[in-house]
Amino acid sequence: MVQKIVNVFLASPRGFCAGVDRAVEIVKKTINKFGTPVYVRHEIVHNQFVVKNLRSQGAIFVEELSEIEDKSRPVIFSAHGVPKEVVNEAKLNNIIYIDATCPLVTKVHKEAEFLAKNEFNIIFIGHKNHPEVIGTMGQIDNNYITLIESKEDVESYVPKINNNKFAYITQTTLSVDDTLEIISLLKKKYPSIKDPIKSDICYATTNRQEAVKQLAKKCDLFLVVGSKSSSNSQRLVEVAKRFGCKESILMHSEQELPVDKIRNCSNIGITSGASAPEILVENLINEIKNITEIKLEEVVTSIEKVSFQLPAMLIK
């Protein structure tokens, strides 16, 4: 009997974005410069493999600065960004801090500050309790900003300032299509609402979703390598389903390989979230090879050449 060959389509771009690359490198460079331990507030990026690797090199992860036992040691703020009160707390305790906030998240922070200074009603499209959302909302007075998560929230939204000045900003890792639907409703409700100069959804989120869109229809199963806490990975799972793949699964650290489903497939799509290292994709492909013979094809939809500079104190 001839063994069935399964087509595996590997989406590109996938995996680490420039902001994640920079954040991970910041932790490594800080350890090299200051020795161990080095503290990191929150997971530097949302991936347990990355966190465990950095922990083995001397990084200690905490959720709050109050957990830092030796305040003479440096602390790194995660790629998601932090509220201003966290920066102020570090200064008050004379803690050396290195900010690994993704520059594209910092862009949203600056937008929020500008809009608040000019007394706009700021509508922030994002996911409640995500660290990026907490960090962005923590840049300004709560009287200027309201978080909305859905189209229903647009209908129930009530302005905080009675001046007919409206603007919206967004989390960087949202579904491009879902966000456009919400923005469309906002523009119907407030025709003069101010757009960001450039979309707040980051290039990496957009490119990874676009790659999945182009592959989804030809796949029986889509496997997305990423963590449960990773917003951009969760969105890739949703995009695959929305654009024609009947089954899409997030391959997080606790997710077992869906062996029976793989054996029943002819075409499988694979991608990874922006905080998932390529080694995890390679491991997944090797696991599939142990089950069935595959024909691997990388499908490139765009080329990324973005890079971000490290903080000045780590370059010297």
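Residues numbered from 1 in each chain as written. Predicted model: local features only at pLDDT ≥ 70, side-chain atom pairs only at ≥ 80, totals over all residues. Heavy atoms only, no water.

Draft legend 1. Quick look at the overall build of the chain. Along the backbone of the chain there are 12 helices and 12 strands. Against the 2.2 N^0.38 benchmark of 20 Å for 316 residues, the chain shows a C-alpha radius of gyration of 21 Å, consistent with a compact globule. Taking all 316 residues of the chain together, the buried fraction comes to 53%. Long-range pairs, those at least 24 residues apart, make up 75% of the contacts in the chain with a sequence separation of at least 6. Element-wise, carbon and sulfur atoms account for 49% of the exposed surface of the chain, whose accessible area totals about 15200 Å². (Helix = DSSP H or I, 4+ residues; strand = E, 2+ residues; numbered from the N terminus. Rg over C-alpha atoms; globule rule 2.2 N^0.38 Å. Buried < 20%, exposed > 50% of the residue type's maximum accessible area, 1.4 Å probe, protein only. Contact = heavy atoms within 4.5 Å. Areas by Shrake-Rupley, 256 points an atom, 1.4 Å probe, with all protein chains shown as cover.)

Draft legend 2. How the structure looks around the sheet that holds strand 7 (residues 145-148). Spatially, the 3 strands line up as an open sheet ordered 7-6-8, and their pairing is parallel. Looking at the sheet topology across the chains shown, the edges are occupied by strand 7 and strand 8 (166-170). Shown here is a sheet whose adjacent strand axes are inclined to one another by a mean of 25°, direction ignored. Where strand 6 (residues 121-125) lies against strand 7, 4 bridges are found, and the strand directions are parallel. Bridge pairing in strand 7 links isoleucine 123 to threonine 146. (Pairing = 2+ DSSP bridges. Axes fitted to C-alpha atoms, helices over the stretch in contact; angles between N-to-C directions.)

Draft legend 3. Highlighting the sheet that holds strand 2 (residues 38-41). The strand order across the open sheet formed by 4 strands is 3-2-4-5, and the pairing between neighbours is parallel. The strands lining the two open edges of the sheet, one partner per strand, are strand 3 (59-62) and strand 5 (97-99). When strand polarity is set aside, the average angle formed by the axes of neighbouring strands in this sheet is 25°. Alignment of strand 2 against strand 4 (residues 75-77), held across 3 bridges, turns out to be parallel. Bridge pairing in strand 4 links tyrosine 39 to valine 75.

Draft legend 4. Summary view of the packing of aromatic side chains. Under the criterion given, the structure shown has 3 aromatic pairs. On the basis of an interplanar angle of 25° and a centroid distance of 5.3 Å, the ring pair of phenylalanine 77 and tyrosine 97 is categorised as stacked. Taken together, the residues span a long stretch of sequence, with phenylalanine 77 in strand 4 and tyrosine 97 in strand 5 at a distance of 20 residues. Taking relative accessible area as the criterion, phenylalanine 77 reaches 0% and is therefore assigned buried. A relative accessible area of 28% places tyrosine 97 in the partly exposed class. (Phe/Tyr/Trp six-rings, centres within 6.5 Å; stacked < 30°, edge-to-face > 60°.)

Draft legend 5. Representation of the environment of valine 40 within the structure. Its place among the elements puts valine 40 in strand 2. Of the residues examined, valine 40 reaches a relative accessible area of 0% and is grouped as buried. Between the C-alpha atom of valine 40 and that of glutamate 113, which follows or precedes it by 73 residues, the distance is 25 Å. Look past the residues within four positions of valine 40 in its chain and what remains in contact with it is Val27, Ala59, Ile60, Phe61, Val62, Val75 and Ile76.

Draft legend 6. Structural context of unusual backbone geometry. A cis amide bond links serine 12 with the next residue in sequence, proline 13, at an omega value of 10°. The backbone phi angle of asparagine 94 is positive, close to 55°, even though this residue is not glycine. Among the structural elements, asparagine 94 can be located in the loop between helix 3 (84-92) and strand 5. For asparagine 94, a relative accessible area of 65% corresponds to the exposed category. Despite not being glycine, asparagine 129 has its phi angle at roughly 75°, a positive value. Structurally, asparagine 129 can be placed in the loop between strand 6 and helix 5 (131-137).

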